[in-house]
Amino acid sequence: MTQPEQNGEAHETSEDVKQEAILLERAIGGWRGVIDSGVPTAVFVVAYLVTSSNLRNSLIAAIIAGALIAVWRLIRREPLTQIGAGFVGLLFSAWFASRTQNASDVYLPGMLTNLGYGTAFLVSILVSWPLIGVAMGFLTGDGTSWRQDRELRRVYAAASWIWVGLFYSRLIVQTPMYLAGWVEVQGIVKIIMGYPLFLAAAYFTYRVLQPVFQRKREERAIAKTFEEGSAPDDQA
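Residues numbered from 1 in each chain as written. Predicted model: local features only at pLDDT ≥ 70, side-chain atom pairs only at ≥ 80, totals over all residues. Heavy atoms only, no water.

What follows is about the packing of aromatic side chains. The tally for this structure, following the rule as stated, stands at 12 aromatic pairs. Note on F121 and W163: the rings are 6.4 Å apart at their centroids and 20° apart in plane angle, and the pair reads as stacked. Taken as a pair, F121 in helix α6 (residues 108-126) and W163 in helix α8 (residues 150-180) lie far apart in primary sequence, 42 residues in all. Like F121, the residue W163 is buried in the burial classification. Between the NZ or CZ atom of R147 and the centre of the ring of W129, over which it lies, the distance is 4.1 Å. (Phe/Tyr/Trp six-rings, centres within 6.5 Å; stacked < 30°, edge-to-face > 60°. Helix = DSSP H or I, 4+ residues; strand = E, 2+ residues; numbered from the N terminus. Buried < 20%, exposed > 50% of the residue type's maximum accessible area, 1.4 Å probe, protein only. Lys NZ or Arg CZ within 6 Å of the ring centre and 35° of its normal.)

Printed below as a string of structure tokens:
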């Protein structure tokens, strides 16, 4: 191993580790979310088919499935971030569909959520405040210092486009199904385009940002090595 490489490892900071840990966690972790969000939807679709389109019983079955998963997470003392938000969303969707008596309306709150998120990401790019940069700054404690770095602004904007594509693609695919009343088909598509697609977007976000973080770390290591090498000369 060369001296620069050794120095690069020696001067890896906790901020570097934290940035990549956060990205990696969202890129290859979170498979619990597939179960937390997918099972209630799957139960709703199956129950809707088995009960000959009985909306009330299908909604009750989905809520019971979501509640059982939440209890299981509590017993195992696992994070409830995903199931908590998902279960609240499930309850609201069930309430909304029960009020309208339209089975397809169980998907409408989620579609509107995708519209909101997609628009938020798009606007953030257009105003040069990409939400991926805002999120990373908040999660790593760096605040808005990334805005002073042109390369970081560029890659954060590129990564944010991935999420614009994610949220709008869900909307584009599912809207015709919603309007046609294809309850069962939309349920299956919703599962496929749910957390599996989310994890894919997180992985590609990691792939876009990680090389830049790596290069920044190497640059800091070289600068640190130069400072340490020149310090004795300054004292002399």
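The discussion continues.
On to a nonpolar patch on the surface. A cluster of nonpolar side chains, contributed by V123, L126, V127, W129 and V134, occupies part of the molecular surface with about 450 Å² of accessible area. On the secondary structure map, V134 appears in helix α7 (residues 131-140). (Patch = residues over 30% accessible without salt bridge, like charges linked within 9 Å, V, L, I, M, F, W, Y side chains within 5 Å. Areas by Shrake-Rupley, 256 points an atom, 1.4 Å probe, with all protein chains shown as cover. Salt bridge = Lys/Arg side-chain N within 4 Å of Asp/Glu carboxyl O.)

Our focus in this paragraph is the packing of α6 against α8. Running from N to C, α6 and α8 point in directions that differ by 150°, and their axes come no closer than 8 Å. Judged on the interaxial angle alone, α8 and α6 are roughly antiparallel. Helix-helix and strand crossings are classified by hand; for α6 and α8 the assignment is left-handed. Residues L108, M111, N114, L115, Y117, G118, T119, F121, L122 and I125 of α6 touch α8, and the partners they reach there are A157, S160, W161, W163, V164, F167, Y168, R170, L171, Q174, T175 and Y178. (Axes fitted to C-alpha atoms, helices over the stretch in contact; angles between N-to-C directions. Parallel < 35°, antiparallel > 145°, perpendicular 65-115°, else oblique. Left-handed = near helix turned anticlockwise from the far one by under 90°. Contact = heavy atoms within 4.5 Å.)

Under the 1.5 Å per step criterion, the end-to-end length of α8 is 46 Å for 31 residues, consistent within 8% with the ideal 45 Å. Q174 marks the point of greatest bend in α8, at about 35°, and the proline P176 comes within the next four residues. Of the residues that open α8, the one with a side-chain oxygen 2.9 Å from the backbone nitrogen of E151 is D149. Remark: G181 follows α8 within two positions and exhibits a positive phi of approximately 75°. (Expected span 1.5 Å × (residues − 1). Bend = angle between axes of the 7 residues up to and from the residue. Polar contact = N/O pair within 3.5 Å; in protein donor to acceptor, adjacent residues only side chain to side chain.)

It is worth spelling out the environment of V185 at this point. Relative to the helices and strands, V185 resides in helix α9 (residues 183-192). It is 9.4 Å that separates the C-alpha atoms of V185 and Q174, two residues lying 11 residues apart in sequence.

Below, the discussion takes up unusual backbone geometry. Backbone geometry at S52 places phi at a positive 60°, although glycine is not the residue there. We classify S52 as exposed; its relative accessible area is 62%. In this structure, S53 is a non-glycine residue whose phi angle is positive, near 65°. Here S53 shows up in the loop between α3 (32-50) and α4 (55-75).

This brings us to the pattern of salt bridges. Where charged atoms of side chains with opposite charge meet at close range, the side chains can pair. This model, assessed by the stated rule, comprises 2 salt bridges. Measuring nitrogen to oxygen at the nearest pair gives 4.0 Å for the salt bridge that ties R154 to E151. Taken together, the residues R154 and E151, both in helix α8 and 3 residues apart, mark about one turn of the helix. Close ionic contact of E151 with R215 constitutes a salt bridge, the shortest N to O distance being 2.2 Å. Taken as a pair, E151 in helix α8 and R215 in helix α10 (residues 195-235) lie far apart in primary sequence, 64 residues in all. One salt-bridge network, in which partners are shared between bridges, spans E151, R154 and R215.

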